[in-house]
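Residue-level structure breakdown
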Amino acid sequence: MAPRNIPDIQAIPLEIWEATRTVEQVVRPLADLVRPPRSVMEEAAATLGVSRATIYRMVARYRADPRTSSLIVSRGGRPAGLRLIPSEVESIIDHRINTSYLTKQKPRLAALHKEIQAACHEKRLPAPSYNTVASRVRELNARQVLAKREGGKVARNKFGLVTTAFVAEGPNSVWQIDHTLVDLIVLDEYFREPVGRPWVTFIIDVATRMVAGFYLTLDPPSTTSVALALTHAVLPKDEWLRNRSIDGAWPICGLPQALHMDNAKEFHSKDIKRGCEEYGIATQYRPVRTPHFGGHIERLIGTMMGAVHLLPGTTHSNSQERGEYRSAEHSAMTMRELEAYLAREIVGTYHNTVHSSLSMPPNKKWRDTVASMPGQAPRQPKDHRQFVLDFLPSKPRRVLRDGIHLFNIVYFDRVLATWLTSDNRDVEVKYDPRNISRVYIRDDEGRYFDIPYRNTSYPPITLAEHRRAVRRLRDEGRRAIDEDLLFQTIAQQRRLIADAVTKTKARREELGKAPANAGKATKAARRSIEHTVTSIAGTRAPARGKEPVTPPTQCLSAPEPPGCRGDVGGTRKAPSPSLPEPTAPVQATDDHFDIEVWP
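Reading the values: the criteria
- Residues numbered from 1 in each chain as written.
- Predicted model: local features only at pLDDT ≥ 70, side-chain atom pairs only at ≥ 80, totals over all residues.
- Heavy atoms only, no water.
- Pairing = 2+ DSSP bridges.
- Helix = DSSP H or I, 4+ residues; strand = E, 2+ residues; numbered from the N terminus.
- Axes fitted to C-alpha atoms, helices over the stretch in contact; angles between N-to-C directions.
- Buried < 20%, exposed > 50% of the residue type's maximum accessible area, 1.4 Å probe, protein only.
- Lys, Arg positive; Asp, Glu negative; His and termini not counted.
- Salt bridge = Lys/Arg side-chain N within 4 Å of Asp/Glu carboxyl O.
- Contact = heavy atoms within 4.5 Å.
- Phe/Tyr/Trp six-rings, centres within 6.5 Å; stacked < 30°, edge-to-face > 60°.
- Lys NZ or Arg CZ within 6 Å of the ring centre and 35° of its normal.

**Some details on the sheet that holds strand S8 (residues 394-397)**
Spatially, four strands are ordered S8-S11-S12-S13 in an open sheet, and the strand pairing comes out antiparallel. Across the chains shown, the open sheet's two edge strands, defined by having one partner strand only, are S8 and strand S13 (448-452). Adjacent strand axes in the sheet meet at a mean angle of 35 degrees when their direction is disregarded. Examined bridge by bridge, strand S12 (residues 435-442) and S13 share five bridges and lie antiparallel to one another. Its bridge partner lying in S13, Arg 442 is registered against Tyr 448.

Put into structure tokens, the structure is as follows:
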């Protein structure tokens, strides 16, 4: 089947996206059948209001590309949502709806129409028809309308959930996700000094109580935390375990049917919601002030923190439990060691301990339930790399002739010429805060391309380093920040850190307290700093009249789109390296020492 033009999922209008989600829920079960009966296909066609032939085409498209966006159908005629009346009239309609209709007086629609007519007549503008006003009211959220006209309690009674228990039908039917601040102070990787308490994001499969995945970081909860935890949960974990020399199996993987969350800001981000919708994952939010709806994940967190309380450096759950125990003085584990400890606790202990609600270990529950459903293997994303990128945070940016401007840095690749020839619309630029040396954009066929720095001599940095440098420059009174100034500031900060490392080592040697591996760590740290400073010092602006050196085109998936050629002398450049596994070791800190330079 010929490739179809799939738009950026972040740019799809909401009404089209919601309609396509409805289609996907009907088509997905049909795509799982080898030969769907004709009666079933006719019933699906009647449900969607299309012909039987159209249903067959939809099923074929979904089998070839099992994503919601593959089912979007381009329609001719007037674009959906196009409004033809003047913007001044639209402003009057919006204003009168908000100040008159959405009030406790509850005026009728006819009264609202008369008010709008009078306001338009006063300003000598054409008055909209009754049907136009009624259409604008129908576009409003029904629950919000009811809440403003009759009160929040009435809206909750009509639209709120009425279930009193949270039930999952089978494995991967419902996952719960949540964060917690770990009750442990961790050490840095070099001098093993306390650096603070990390955050961990856990995901649990409600039906089997299997821990689907987790992500450990020193950064507060964010969209990135959710994305990387979800990626760890969905993808197979065999290689992840081997990289950490952890024995045992962690069989749970695949896409869940639903993801259950609380109402934290990061769970409501557009990137997470659209990513879930793209892969057919329903998002469910816990009702406010109903902690029992998240009881499964809360219990898992309590169990894991109970195991953490046995480690040196624990802060316990509160100051009363901690007593006179000095957590920082007794801390002994780094982030990587804590990650390995949690993984072994999950794989070796938790999954093989009888769960009181199941009357069996989660591992056995998973095996038994999966074995009872032959031919129904867990759904996997077709492209693991694309799955990771679909959940990373993004920002809208315009593609300019000199590249993409983001974070006061210019990113460039010849493939951007494809976007320059199209309409002047913003594109969603994906980025990974752990390494912003490249960004990612998606073409109309659903493929991602990585766009590196325009000046490739700059070293990889984290978004945290970038923000510290910008904050320092702002404090110095600089309003305009250019690339060279930004990277020079980061180099200075790294040099300060390297000098501090050397002074700390020297002082400890004087006191006779230097750790055995301090010398080796200091040399490694200084080599990292010197390489970075040398790279930045060697960066020169291009001579006047000369074009700056640009990196070769990096086409990340075949075949190449029109205009995307990285040929030199008639030979096509090899595709750029793929995104590394999202399950790479977590960062000990967000400082430069722990940046993992992606291939």
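**Some remarks on the side chain of Arg 149**
Mapped onto the elements of the fold, Arg 149 is located in helix H7 (residues 142-150). Of the side chains with opposite charge, Glu 150 comes closest to the buried, unpaired Arg 149, at an N-O distance of 5.8 Å. When near neighbours in sequence (up to four residues on either side) are disregarded, Arg 149 contacts Tyr 101, Leu 102, Thr 103, Lys 104, Lys 106 and Pro 107.

**Section: the sheet that holds strand S4 (residues 199-205)**
For sheets, the rule is that strands pair by backbone hydrogen bonds, running either parallel or antiparallel. Taken in spatial order, the five strands line up as S5-S4-S1-S6-S7 in an open sheet, and their pairing is mixed. Lying at the two open borders of the sheet, with one neighbouring strand each, are strand S5 (211-217) and strand S7 (282-285). The sheet shows a mean angle of 20 degrees between the axes of neighbouring strands, taken without regard to direction.

**Notes on helix H11 (residues 270-278)**
Think of an α-helix as turning once every 3.6 residues; residues three or four places apart then point the same way. Most of H11 sits out of view: seven of its nine residues are buried. Of all the residues in H11, the buried ones are Asp 271, Ile 272, Arg 274, Gly 275, Cys 276, Glu 277 and Glu 278. Looking one or two residues beyond H11, the residue adopting positive phi is Gly 280, at roughly 70 degrees.

**Side note on the pattern of salt bridges**
For the structure shown, the criterion picks out 23 salt bridges. Ionic pairing is found between Arg 52 and Glu 42, a salt bridge with its closest N-O pair at 3.5 Å. Of this pair, Arg 52 sits in helix H3 (residues 52-64) while Glu 42 sits in helix H2 (residues 38-48); the two residues are ten residues apart in sequence, bridging distant segments of the chain. The salt bridge partner of Arg 438 is Asp 450, with a shortest N-O separation of 2.9 Å. Highlighted residues: Arg 438 in strand S12 and Asp 450 in strand S13, separated in sequence by twelve residues. Since its relative accessible area comes to 0%, Asp 450 is described here as buried.

**Re the packing of aromatic side chains**
All chains considered together, the criterion is met by 13 aromatic pairs. Consider the rings of Trp 419 and Phe 449, whose centres lie 6.3 Å apart with planes at 80 degrees: the pair is edge-to-face. Of this pair, Trp 419 sits in helix H18 (residues 417-420) while Phe 449 sits in strand S13, and the two are 30 residues apart along the sequence. Accessibility expressed as a relative area gives 10% for Trp 419, which makes it buried. The interplanar angle of 10 degrees and the centroid separation of 3.9 Å between the aromatic rings of Tyr 458 and Phe 487 together place this pair among those described as stacked. One end of the pair, Tyr 458, is in the loop between S13 and helix H19 (463-475); the other, Phe 487, is in helix H20 (residues 483-511), and 29 residues separate them in sequence. Across this residue pair, the class does not change: Tyr 458 and Phe 487 are buried. Among the aromatic side chains, those forming a connected cluster through ring pairs are Phe 202, Phe 214, Trp 240 and Trp 250. Geometry around Trp 250 places Lys 237 over its ring, the cationic atom sitting 5.5 Å from the centre. Cation over ring: Arg 274 sits above Trp 17, and NZ or CZ is 5.0 Å from the ring centre.

**What about the environment of Val 137?**
With respect to the helices, strands and loops of the structure, Val 137 is situated in helix H6 (residues 130-138). With relative accessibility at 13%, the residue Val 137 sits in the buried group. Taking the C-alpha atoms as reference, Val 137 lies 9.1 Å from Tyr 101; in sequence the two are 36 residues apart. Not counting the four nearest positions on each side in its chain, Val 137 is found in contact with Ile 97, Tyr 101, Leu 109 and Leu 112.

Remember that the coordinates give geometry; whether it matters functionally is a separate question.
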